Amino acid sequence: MRITFYGGVGTVTGANFLLEGGDTKILIDCGLVQGTPDSYERNTEPWLYDVKSVDFLFITHAHMDHIGRVCKLVKDGFKGVIYSTPETKELAQVMILDAIKVMENNERNSGENNTEKPLYDVSDYEQTISKWRVVSYHEKMNAGGFEVYAKDAGHILGSAMYEFSFNGKKVVFTGDSGNSPAPLLNDTEKITDADYLICDSVYGDRNHEPKEERDARFRQIITETIKSNGAVVIPAFSIERTQVVLYLLNNLIEENKIPSVPVYLDSPLGIKVTNIYKQFKKDFNPEVQQEIKSGDNIFDFPKLNITHSSRDSQEIAKAPNPKIIIAGSGMSTGGRVMWHEMQFLPDPKSTILLMGYQAIGTLGRQIQSKPKFVEINGANVPVRARIEMISGYSSHKDSDNIVEMVSDTSETVKKVFVVMGEPSASIHLTQRLREELDVDAIYPERGQTYEL
Ligand SMILES: [Zn+2]
């Protein structure tokens, strides 16, 4: 077997790996490069491999940095079969159609000096879906001589870790491994018999706050902001974070642990994704299953307002405080949350509550650093609101938890490839794995091939 790292090295985004064995070529993930000044160039540059000769594409989960170039791959001649879990396929359809809409709007709005064309269109999307099959967790399948087995990664709904066995050797891709225990999902399944491990490392150099702290802080920040008659603005990723926030608020309000105030879910994509989560309740952890069985509608509670139209979205600012606003995008790189940030960043009574990773170069990262001003859509907006960050609800394992995950297979593993992190995070994790587990961990280079 051979593996080549075409994306997702030296950076969190753009996952794209090629696994070869015998005559079979398997791609794992085909994601967008996001958040860097050269993202568009990177996403449009020619593929570094022969797209037409690839037999299979396996998708670990429905985040855009893992699926965002799948339609481009098909547009450029991919003739093979795409596989993911059924949950991932459902989510991916919603995410890709939304991305196409955003790309087409951007092109329209940027006028004549536009240099960024959409990467693909709806007809490429339809071609893509016609090639897309599903494989459930724990369902053994064969792909060109490889035995493939998907385990629950516990990262977002439908997220999978794939085990590829060939000639008696097992290669495991973690995709993005989840921050277990998670509020909604099951724990990441254990990997115990990998010969080679391709391991994510977003938080390779940092730990999250202890799990007991995250719920207490979430409750405290909301209670204090309500008391001072402000608005709590939560920029939320449409997948997983939006549903987790709804679930937490549902429990806090029903248990009278926070005052019942209007909550606005102002994210068309978040609303669609929440409806998909409702279809796959079987994937939730036993505690959540129990709540559902006892009759609780876990994503719904009194005073929850679902905001569909953008006109209703603008009305939210005029509604009296206190209130809670959940809106996308999660890193404030677009979407309705930017409008709410313009309204409430200047208000000392209000809070911007960041609950996820904010990549370098995003507005969210700027806000996180608490500057005096930020620029939003050409306007200079003073930052007087309270800025809070809770990293404990991240969907990614922290450094200690990744080391623990790898330790489960440290007896069998011949090499660990540390990918999908900023260089400092990946390098730090590589060192830790070598020193603490005595495994052969490396930080591969982009385009480099390794014999397995
Ligand atoms: Zn992810």
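Conventions used here
- Within every chain, residues take consecutive numbers counted from 1 along the sequence as written.
- A pLDDT threshold of at least 70 governs which residues receive local features in this predicted model, and a stricter bar of 80 or more applies before side-chain atom pairs are shown or counted, although totals over entire chains, interfaces and linings include all residues.
- In computing side-chain values, all of the structure's heavy atoms are included and hydrogens and water are not.
- Axis angles are defined between N-to-C directions and span 0 to 180 degrees, where every axis is a line fitted to C-alpha atoms and, for a helix, only to the segment in contact.
- A run of H or I in DSSP becomes a helix once it reaches four residues, and a run of E becomes a strand once it reaches two; helices and strands are each numbered from the N terminus.
- Any angle between 65 and 115 degrees counts as roughly perpendicular, while under 35 counts as roughly parallel, over 145 as roughly antiparallel, and the rest as oblique.
- In a left-handed crossing the near helix is turned counterclockwise from the far helix by less than a right angle, and in a right-handed crossing that turn is clockwise.
- Here a residue-residue contact requires only that any non-hydrogen atoms of the pair lie within 4.5 Å.
- We define a nonpolar core as any set of buried Ala, Val, Leu, Ile, Met, Phe, Trp, Tyr and Cys residues linked to one another through side-chain atoms lying within 4.5 Å.
- Residue exposure (1.4 Å probe, protein chains only): buried if accessible area is under 20% of the type maximum, exposed if over 50%, otherwise partly exposed.
- Polar contacts, as counted here, are pairs of nitrogen or oxygen atoms within 3.5 Å of one another; within protein the pair requires one atom able to donate a hydrogen and one able to accept it, and residues that are adjacent in sequence qualify only if both atoms are side-chain atoms.
- Here the rule is simple: two strands pair whenever DSSP picks up at least two bridges between them.
- Under the scheme applied, nonpolar residues are Ala, Val, Leu, Ile, Met, Phe, Trp, Tyr, Cys and Pro; charged residues are Asp, Glu, Lys and Arg; polar residues are all the others, including Gly.
- The method works on a 1 Å grid over the protein atoms by themselves. A cavity is a set of points holding a 1.4 Å probe that cannot get out, a pocket is an open set with protein on both sides within 12 Å along at least five of seven lines, and residues with an atom within 4 Å of a point line them.
- Grid points are joined across faces, edges and corners, and a volume is the space filled by probe spheres set on the points.
- For Na, K and Ca the donor cutoff is 3.2 Å, while for all other metals N, O and S atoms count as donors only within 2.8 Å; water does not appear among the atoms, so some sites may look incomplete.
- A four-donor site is called tetrahedral if each angle lies between 85 and 135 degrees; a four-donor site is square planar, and a six-donor site octahedral, when trans pairs exceed 155 degrees and the remaining angles lie between 65 and 115; all other cases are labelled irregular.

Moving on, we come to the packing of helix H4 (residues 86-110) against helix H5 (residues 122-130). Following both chains from N to C, one finds H4 and H5 inclined at 165°, their axes separated by 10 Å at the closest point. In terms of their interaxial angle, H4 and H5 are classed as roughly antiparallel. In this structure, the crossing between H4 and H5 has a hand that is right-handed. Of H5, the residues touching H4 (which contributes Lys-89, Gln-93, Ile-96, Leu-97 and Ile-100) are Val-122, Tyr-125 and Ile-129.

We now examine the nonpolar core. Leu-184, Phe-218 and Leu-249 are the most contacted members of the largest nonpolar core, which has 77 residues in total. Beyond its immediate stretch of four places on either side in the chain, Phe-218 contacts Ile-234, Val-245, Leu-248, Leu-249, Leu-252, Leu-353, Met-355, Ile-390 and Tyr-393. Membership of the second largest hydrophobic core comes to 34 residues, among which are Met-1, Phe-56, Val-81 and Tyr-450.

With respect to the helices, strands and loops of the structure, Thr-409 is situated in the loop between helix H13 (399-407) and strand E20 (415-419). According to the relative accessible area criterion, Thr-409 is buried, its value standing at 0%. In this structure the side chain of Thr-409 is engaged in a polar contact, spanning 3.0 Å, whose partner is the backbone nitrogen of Ala-194. In contact with Thr-409, other than residues within four places in its own chain, are Ile-191, Thr-192, Asp-193, Ala-194 and Leu-197.

Another point: the sheet that holds strand E2 (residues 16-21). The seven strands are arranged E6-E5-E4-E3-E2-E1-E22 in an open sheet whose pairing can be described as mixed. Strands at the two margins of the open sheet, each flanked by one partner only, are strand E6 (132-134) and strand E22 (449-451). Looking at each pair of strands side by side, their axes are set apart by 25° on average, direction ignored. Note that strand E3 (residues 24-28) and strand E4 (residues 56-58) share three bridges and pair parallel. Bridge assignment links Ile-28 to a residue of E4, and that residue is Phe-58. Sheet strands in contact with H4 are strand E5 (81-84) and E6, and its direction is about 145° off that of E6.

Further remarks concern the sheet that holds strand E14 (residues 304-306). Within a sheet, adjacent strands bond to each other through the backbone by hydrogen bonds, running parallel or antiparallel. Reading across from one edge, E14-E13-E15-E12-E16-E19 is the order of the six strands in this open sheet, with parallel pairing throughout. Taken across any chain shown, the strands that pair with only one partner, and hence form the sheet edges, are E14 and strand E19 (386-389). When strand polarity is set aside, the average angle formed by the axes of neighbouring strands in this sheet is 20°.

The angle between the axes and the distance between the axes are what describe a pair of packed helices. At a minimum axis distance of 10 Å, the contact between H13 and helix H14 (residues 423-437) shows a crossing angle of 50°. With respect to H14, the element H13 is oriented oblique. Crossing of H13 over H14 shows right-handed handedness. In this structure, H13 contributes Ser-399, Asp-400, Ile-402, Val-403, Val-406 and Ser-407 to the contact, and H14 contributes His-428, Leu-429, Arg-432, Leu-433, Glu-436 and Leu-437. Across the contact of H13 with H14, the residue classes tally to six nonpolar, three polar and three charged.

Turning to the layout of surface pockets, a few remarks are in order. When its volume is computed, the second largest pocket comes out at roughly 370 Å³. If you trace the second largest pocket, you find 16 residues lining it, with Asp-215, Tyr-247, Leu-248, Asn-251 and Glu-287 closest to the centre. For the lining of the second largest pocket, a count of residues per class yields eight nonpolar, two polar and six charged.

The next subject is the coordination of the zinc ion. Listed as protein donors to the zinc ion are His-61 (NE2), His-63 (ND1), His-155 (NE2) and Asp-176 (OD); their distances from the metal cover 2.2 Å. Bound by four donor atoms, the zinc ion shows angles of 92 to 166° at the metal and therefore irregular coordination geometry. Counting along the primary sequence, the residues that act as donors to the zinc ion give the motif H-x1-H-x91-H-x20-D. Under the relative-accessibility criterion, His-61 is labelled buried at 0%. Assessed through its relative accessible area of 18%, His-63 is described here as buried.

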